[in-house]
Amino acid sequence: MNWMQRTVVLTYYYLLRFSDFLENELSIDGFYQKCLFKVLKEGGDSSTNASLVGSMIGAAVGLTEIPVEMINKLLECSSSSKPRPDFVNTNKHLVNNVKNLVENIPSRKLDAIIFEIQK
């Protein structure tokens, strides 16, 4: 299995785990952090794995379940000495883009995606 396949498998695994939490009415408190911690602990291409898993689980749990400290670290991030193009400027766009994404994806859509994965 190549690194990209592993990333996709991990992402779907944690989305399915999230679905299990919802079905069993378990608390999702800390679910986001636990997923990222486990993914990073696995090693390999951990930055890619954590990026994709974090994106999908973050969209599933919602912005309010992502710790403020983690969001602030992302907003403060600078990738290089060259300025970022405006459309990827996290200080200007990230929070609103994530908020719009989360608010516009009904939970039944996520359920349908997970159902298709389980087939």
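None of these values were measured; they are calculated from a predicted model.

S.K.: Can you walk me through the packing of helix α1 (residues 3-23) against helix α3 (residues 46-61) in this structure?
M.R.: Angle between the axes and distance between the axes: these two values describe a pair of packed helices. Interhelical geometry of α1 versus α3 gives an angle of 25° and a closest axis separation of 9 Å. With respect to their mutual orientation, α1 and α3 come out roughly parallel. Where α1 crosses over α3, the handedness of that crossing is right-handed. Here α1 contributes W3, T7, L10, T11, Y14, L15 and F18 to the contact with α3, which in turn contributes T48, N49, L52, V53, M56, I57, A60 and V61. When the residues that make up the contact of α1 with α3 are grouped by side-chain class, the tally is 11 nonpolar, four polar and no charged.

S.K.: For this particular structure, what's the right way to read the packing of aromatic side chains?
M.R.: Counted according to the given criterion, the structure contains two aromatic pairs. Each ring, one from Y13 and one from Y14, has its centre 4.8 Å from the other, and the planes form 80°; the classification is edge-to-face. Since its relative accessible area comes to 44%, Y13 is described here as partly exposed. Ring plane angle 50° and centroid distance 5.6 Å describe the contact between F18 and F31, whose orientation is recorded as tilted. Of this pair, F18 sits in helix α1 while F31 sits in helix α2 (residues 31-41), and the two are 13 residues apart along the sequence. Judged by relative accessible area, F31 falls into the buried class, the value being 4%.

S.K.: Looking at this model, I keep getting lost on α2. Mind explaining?
M.R.: Since one α-helical turn is 3.6 residues long, residues separated by three or four positions face the same way. All of the buried residues in α2 are F31, Y32, C35, L36 and V39. With its buried residues spanning 130° around the axis, α2 presents them on a single face. Opposite the buried face of α2, by more than 90 degrees, sit the exposed residues K34, F37 and K41. Taken together, the buried residues of α2 touch α1, α3 and α4 (68-76). Taken from the residues just after α2, G43 is the one with a positive phi, measuring 80°.

S.K.: Mind showing me how you'd approach a nonpolar patch on the surface here?
M.R.: A cluster of nonpolar side chains, contributed by M4, V8 and Y12, occupies part of the molecular surface with about 260 Å² of accessible area. Among the residues examined, M4 registers a relative accessible area of 49% and is labelled partly exposed.

S.K.: Please explain the packing of α1 against α2 as it appears in this structure.
M.R.: Running from N to C, α1 and α2 point in directions that differ by 150°, and their axes come no closer than 12 Å. With respect to each other, α1 and α2 are oriented roughly antiparallel. Between α1 and α2 lies a crossing of right-handed hand. Of the residues in α2, those in contact with Y14, R17, F18 and F21 of α1 are F31, C35, K38 and V39. Its residues placed into classes, the contact of α1 with α2 shows six nonpolar, no polar and two charged.

About the cut-offs
Residues numbered from 1 in each chain as written. Predicted model: local features only at pLDDT ≥ 70, side-chain atom pairs only at ≥ 80, totals over all residues. Heavy atoms only, no water. Axes fitted to C-alpha atoms, helices over the stretch in contact; angles between N-to-C directions. Helix = DSSP H or I, 4+ residues; strand = E, 2+ residues; numbered from the N terminus. Parallel < 35°, antiparallel > 145°, perpendicular 65-115°, else oblique. Left-handed = near helix turned anticlockwise from the far one by under 90°. Contact = heavy atoms within 4.5 Å. Nonpolar A, V, L, I, M, F, W, Y, C, P; charged D, E, K, R; others polar. Phe/Tyr/Trp six-rings, centres within 6.5 Å; stacked < 30°, edge-to-face > 60°. Buried < 20%, exposed > 50% of the residue type's maximum accessible area, 1.4 Å probe, protein only. Arc of directions from axis to C-beta. Patch = residues over 30% accessible without salt bridge, like charges linked within 9 Å, V, L, I, M, F, W, Y side chains within 5 Å. Areas by Shrake-Rupley, 256 points an atom, 1.4 Å probe, with all protein chains shown as cover. Salt bridge = Lys/Arg side-chain N within 4 Å of Asp/Glu carboxyl O.

Don't take any of this as a statement about function, it's just geometry.
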